[in-house]
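Here is what each chain is made of, one letter per residue.
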Amino acid sequence: MGIAQQVTSFLQVTIQEDIYESHPPTETTDSEEEVIFNRILKVNKDSSQLLQEGDIVPQRSRSAINCRNRHCNWPQSSDGIVRVPYVLDPTYEENHIKGIHDAMAEFETLTCINFVKRKTERDYLSIKSADGCWSNYGKVGGGQTVSVMKGGCMWKGIIQHELDHALGFLHEHSRSDRDKYVKIMWEYISLADRADFRKFENSNNLGLPYDYSSVMHYGPHTFTNTTGKATIVPIPDESVPIGQRQGLSNLDVAKINKLYNCSRCSTILDAASGSLKSANHPRNYSDNTNCVWLIRTRSRKISLHFQAFELQTTRGCQSDYVKVYDGGSKSSPVLMDRTCGSKIPNDIVASSNLMLIEFVTDGVDTASGFQATFTSVRAQRKPSTHN
């Protein structure tokens, strides 16, 4: 094999491995840069279900925008956890079930929402492989369908988008204050599609900022009738990216926690590299802390490097500790078990593009905490044996 052919072969393998790490192998990737909602629309164009805004099932009993009371929210238990019962379509295969569980686990990691298998609960989500990717808005009572079709909806971000609708969230561009942040280009939207860009004057914005990168935001060219022309343009800076490509954003998480009165310390880090540290570092951290950082990079493995480390020392690190998981939830394999004291841990490399760092403290002594950096790395490959 010539040098040019070797390089081409290497690049093809690299691209294939990168796509495999970022997306389930059961789905076909069009482009890493395609926003989640555009994928939803591609699947739903053949759906027989009547849908508003592309993927919301219309409500007969009440207006879809009139959900500001607690009857539309799932109930919160006395321990602060919001448990949402669900049942899964028996036609799902093992890899589909894993994809749905992975998407659910991110909610559990970052918010107080826990999706739990239904026992006898009256109200629950019936997650089915119906004809498209769609959901009801908020809790509607009984067994309400969330459609996650096997042939097109098995992306973490799509699953999270539909689950977020079921939790009580509309599309971000529907906010009452959207005209301060985006301009709707009506001239590039067909008359039949204009209702999908309506603004809800009484939307509950929760006092939180507009989120261009929300998993609930349309893409810039959604429903365009003219190729290359945007239907939504950010203002004042038109270059701001719109729409998520991976999953929940930090503001998506903040909005869930605000709506459901959750007190959670959680951060998503989705850049190619960056840093994290305990609160107040290099000054002492606070008592009774429980924080997580979810590192979620694009198509690369993650390397974590601790620059400083000083935690209260206890037997078995039962009081204050840092723990690192090889994945996006606390059910993922452990890369670094509970660690405390003053010895800086060795570098840690995740097996995928997800890593979770957990920091827990008790109510006794404190120390200066930790500081770390992370980078995206490519796994080393064995040299080719081909001639």
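These numbers come from a predicted model, not from an experiment. The numbering scheme is per chain: residues are counted from 1 as the chain's sequence reads. Only residues with pLDDT of at least 70 get local features here, since the model is predicted, and only at 80 or more are side-chain atom pairs given and counted; chain-wide, interface and lining totals rely on the full set of residues. Excluded from the side-chain calculation are hydrogens and water; included are all heavy atoms of the structure.

Caption draft 1: Looking closely at the state of the cysteines. By disulfide we mean two sulfur atoms from cysteines, separated by a distance within 2.5 Å. A full pass over the atoms with the stated rule returns 4 disulfides. Across the disulfide, Cys-265 is cross-linked to Cys-291 (sulfur-sulfur distance 2.0 Å). Residues Cys-265 and Cys-291 share a disulfide whose torsion about the S-S bond is about 95°; that sign makes it right-handed. Highlighted residues: Cys-265 in strand β8 (residues 265–269) and Cys-291 in strand β10 (residues 290–296), separated in sequence by 26 residues. Buried residues are those whose accessible area, probed at 1.4 Å on protein chains only, stays under 20% of the maximum for their type, while exposed residues exceed 50% and partly exposed ones sit between those limits. Note on Cys-265: relative accessible area 36%, which makes it partly exposed. We count a stretch as a helix when DSSP gives it H or I for four or more residues in a row; a strand needs E for two or more, and each element gets its number in order from the N terminus.

Caption draft 2: Looking closely at the sheet that holds strand β1 (residues 82–88). Strands are treated as partners if at least two bridges between them are detected by DSSP. Spatially, the 5 strands line up as an open sheet ordered β2-β1-β3-β5-β4, and their pairing is mixed. Taken across any chain shown, the strands that pair with only one partner, and hence form the sheet edges, are β2 (113–117) and β4 (133–135). Adjacent strand axes in the sheet meet at a mean angle of 30° when their direction is disregarded. Relative to β2, β1 is paired through 5 bridges, and the arrangement is parallel. Bridging from a neighbouring strand, Val-84 pairs with Phe-115 of β2. The strands touched by helix α4 (residues 156–167) are β1, β2, β3 (124–128), β4 and β5 (143–148); relative to β4, the strand with the most contacts, the crossing angle is about 15°. Axis definition: a line fitted to C-alpha atoms, over the contacting stretch in the case of helices. Angles run 0 to 180 degrees between N-to-C directions. Whether two residues are in contact is decided by their heavy atoms: any pair within 4.5 Å suffices.

Caption draft 3: Spotlight on the environment of Pro-234. Position of Pro-234 relative to the elements: it lies in strand β7 (residues 232–234). Each C-alpha atom of the pair Pro-234 and Lys-183 lies 6.3 Å from the other, and the pair is 51 residues apart in sequence. Apart from residues no more than four positions distant in its own chain, Pro-234 is found in contact with Tyr-181, Val-182, Tyr-212, Val-240 and Ile-242.

Caption draft 4: Looking closely at the confidence of the model for the protein. What pLDDT expresses is the predictor's confidence in each residue, scored from 0 to 100. Summarising the model, the protein shows a mean pLDDT of 87, and 86% of its residues fall at 70 or more. Of the regions scoring below 50 in pLDDT, residues 1–32 engages in 43 contacts with residues more than four places distant in sequence or in other chains. Per-residue pLDDT stays below 50 along residues 61–65; that stretch engages in 11 contacts with residues further than four places along the chain or on separate chains.

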